[in-house]
Amino acid sequence: SKVKDMSAEVVDSNPYSRLMALQRMGIVKNYERIREFSVAIVGVGGVGSVAAEMLTRCGIGRLLLYDYDKVELANMNRLFFRPEQVGMTKTDAAVQTLSDINPDVVLESYTLNITTVQGFDTFMSSLRNKSFCPSKEGTGVDLVLSCVDNYEARMAVNQACNELNQTWMESGVSEDAVSGHIQLLIPWRNCLFCLCTSFVCVFIVYIDSLNHTSFVVASGVDERTLKRGSLCRIFTYYNDNFITKKYTQHAIGGVVAGLLVQNTLKFLLNFGYVSPYLGYNSLKDYFPTMAMKPNPQCSNAACLERQEEYTLAKPARDAAAKAK
Ligand code: ATP
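Residues numbered from 1 in each chain as written. Predicted model: local features only at pLDDT ≥ 70, side-chain atom pairs only at ≥ 80, totals over all residues. Heavy atoms only, no water.

**Concerning the overall build of the chain**
(1) Moving on: In terms of helices and strands, the chain carries 12 helices and seven strands.
(2) Moving on: In the chain, which comprises 324 residues, the proportion classed as buried is 51%.
(3) Moving on: Across the chain, contacts joining residues at least 24 apart in sequence account for 65% of those joining residues at least 6 apart.
(4) Moving on: With an accessible surface of roughly 15900 Å², the chain has 56% of that area assigned to carbon and sulfur atoms. (Helix = DSSP H or I, 4+ residues; strand = E, 2+ residues; numbered from the N terminus. Buried < 20%, exposed > 50% of the residue type's maximum accessible area, 1.4 Å probe, protein only. Contact = heavy atoms within 4.5 Å. Areas by Shrake-Rupley, 256 points an atom, 1.4 Å probe, with all protein chains shown as cover.)

**Details of the pairing of strand β4 (residues 143–146)**
(1) Moving on: What you see with β4 is no split at all: Leu 143 and Leu 145 on one side and Val 144 and Ser 146 on the other are buried throughout.
(2) Moving on: As paired elements, strand β1 (residues 38–42) and β4 share four bridges and run parallel to each other. Within the sheet, the bridge partner assigned to Val 39 lies in β4 and is Leu 143.
(3) Moving on: Sheet topology places β4 next to strand β5 (residues 168–173); three bridges connect them, and they run parallel. Bridge pairing links Ser 146 to Glu 170 in β5. (Pairing = 2+ DSSP bridges.)

**Remarks on the environment of Cys 298**
(1) Moving on: Inspection of the secondary structure puts Cys 298 in the loop between β7 (277–281) and α11 (301–312).
(2) Moving on: Note: C-alpha distance between Cys 298 and Leu 265 (33 residues apart in sequence) is 29 Å.

**Considering the nonpolar core**
(1) Moving on: Within the largest apolar cluster, 45 residues are counted, with the highest numbers of intra-cluster contacts made by Ile 41, Leu 55, Ile 60, Leu 63 and Leu 145.
(2) Moving on: Among the elements that make up this core, the one with the highest residue count is helix α10 (residues 245–269) (nine residues).
(3) Moving on: The contacts of Ile 60, once residues within four sequence positions are left out, are Ile 34, Arg 35, Phe 37, Val 39, Leu 55, Val 105 and Leu 268.
(4) Moving on: Residues Ala 156, Cys 194, Met 292 and Cys 303 belong to the second largest nonpolar core, which totals 34 residues. (Core = buried A, V, L, I, M, F, W, Y, C linked by side-chain atoms within 4.5 Å.)

**Section: the site of the ligand**
(1) Moving on: Of all residues adjacent to the ligand, which total 20 residues, the nearest are Gly 46, Asp 67, Arg 78, Lys 90 and Asn 113.
(2) Moving on: Between a nitrogen atom of the ligand and a side-chain N or O atom of Tyr 68, the distance comes to 3.5 Å.
(3) Moving on: One nitrogen or oxygen atom from the main chain of Ile 114 is found 3.2 Å from a nitrogen atom belonging to the ligand.
(4) Moving on: Its free accessible area being 620 Å², the ligand has 80% of it covered by the protein chains. (Near = heavy atom within 4 Å. Polar contact = N/O pair within 3.5 Å; in protein donor to acceptor, adjacent residues only side chain to side chain.)

**Re the pairing of strand β2 (residues 62–67)**
(1) Moving on: With respect to burial, β2 is a largely interior element, six of its six residues being buried.
(2) Moving on: The side-chain alternation of β2 yields two buried faces, one formed by Arg 62, Leu 64 and Tyr 66 and the other by Leu 63, Leu 65 and Asp 67.
(3) Moving on: Bridge count for β1 against β2 is five bridges, and the pairing is parallel. Of the residues in β2, the one forming a bridge with Val 42 is Tyr 66.
(4) Moving on: Between the parallel elements β1 and β2, the chain passes through helix α2 (residues 48–58) in a crossover that is right-handed.
(5) Moving on: Direction of pairing for β2 relative to strand β3 (residues 106–111): parallel, over a ladder of six bridges. (Right-handed = clockwise from strand over helix to strand, strands pointing away.)

**Brief notes about the packing of helix α4 (residues 117–128) against helix α5 (residues 151–164)**
When two helices pack together, their arrangement is given by the angle between the helix axes and by the axis-to-axis distance.
(1) Moving on: It is at 11 Å that the axes of α4 and α5 come closest, and there the two elements cross at 40°. Between α4 and α5, the interaxial angle falls into the category oblique. In the packing of α4 onto α5, the handedness of the crossing is right-handed. Along its contact with α4, which presents Phe 120, Phe 123, Met 124, Leu 127 and Arg 128, the element α5 presents Ala 156, Val 157, Gln 159, Ala 160, Glu 163 and Leu 164.
(2) Moving on: Partitioning the contact of α4 with α5 into residue classes produces eight nonpolar, one polar and two charged. (Axes fitted to C-alpha atoms, helices over the stretch in contact; angles between N-to-C directions. Parallel < 35°, antiparallel > 145°, perpendicular 65-115°, else oblique. Left-handed = near helix turned anticlockwise from the far one by under 90°. Nonpolar A, V, L, I, M, F, W, Y, C, P; charged D, E, K, R; others polar.)

**Brief notes about the pattern of salt bridges**
(1) Moving on: Under the counting rule described, the total for this entry stands at eight salt bridges.
(2) Moving on: The salt bridge partner of Arg 82 is Glu 84, with a shortest N-O separation of 2.8 Å.
(3) Moving on: In this structure Arg 82 comes out as partly exposed when scored by relative accessible area, which is 30%.
(4) Moving on: A salt bridge links Glu 170 to Arg 154; the nearest nitrogen and oxygen atoms lie 2.3 Å apart. Residue Glu 170 is located in strand β5, and its partner Arg 154 is located in helix α5; the two are separated by 16 residues in the primary sequence.
(5) Moving on: The exposure class assigned to Arg 154 is buried, which follows from its relative accessible area of 1%.
(6) Moving on: Each of the salt bridges in this network shares a partner with another, and the network as a whole consists of Glu 305, Arg 306 and Glu 309. (Salt bridge = Lys/Arg side-chain N within 4 Å of Asp/Glu carboxyl O.)

Take a look at the structure:
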């Protein structure tokens, strides 16, 4: 009789229930706004697919999914995709699963390579499309999540977001699947090109030295020119842990996706603190954070334009703040 019968407290299947609870607790002011937001996810792999599922279960308004790949049996050591989906494009398979989970979410599937001229153009025009919420200022999406696994694709997302003045978040999982990171990038504040031309990259390499993707992003090295062996030698400390990859890939993908979605919700619904950079080293249970400044010597022209616009608008911002 001490065991409480929970059957009366039927679990609320309403996708907004978690956010509703946050509102009841006074953390989120208006959870229903989640339905008005559009999020683009580039890369529907180990991180992107899980982030898409989490946002779908939260009741996000619209998800735009981009990936060029098909589901393979090798992907079954991650979360999300099912064996019967092998051979489908990742974006179509994701739309199939997500629409079953929450049919209210508007889902758009883009099977394309964002680093090709045509793929990049389609990517840009889809981000500009405001048909979902015409009253919105700026682009047609509220946030872009980069969940890709290579330097070129990250830089393509970065370029598009700089040109569109689009806030985005970047994520990465280390090659040995024991660490990862997320990053908030606001075009006037900083971008990955800023990091490539600043001393900050040294710091990133230091604190995130387990993560070869960050190393490549930060140093601007063309990762196609790097063999896995040489990356291993760079980070010899973790050489032995490559064996963990098979076992920990779904877990680290889930952790990074969780951090990414939590930060996405904080950013969209305006609660808590959205870290500019948050790392996770699972071997030491270490979560490094840091802040980044814009680099006035950034090599990217669109980034410099955004920085200039921001500086020029400062007097108007100050006046508006005073008037409040
Ligand atoms: P693995 O690299 O371990 O074989 P994966 O290819 O699924 O796994 P993940 O790191 O899990 O890689 O996910 C990254 C996703 O980003 C992949 O689905 C990949 O197809 C996608 N991706 C990478 N580059 C691009 C690109 N240029 N355009 C579109 N999608 C991309």
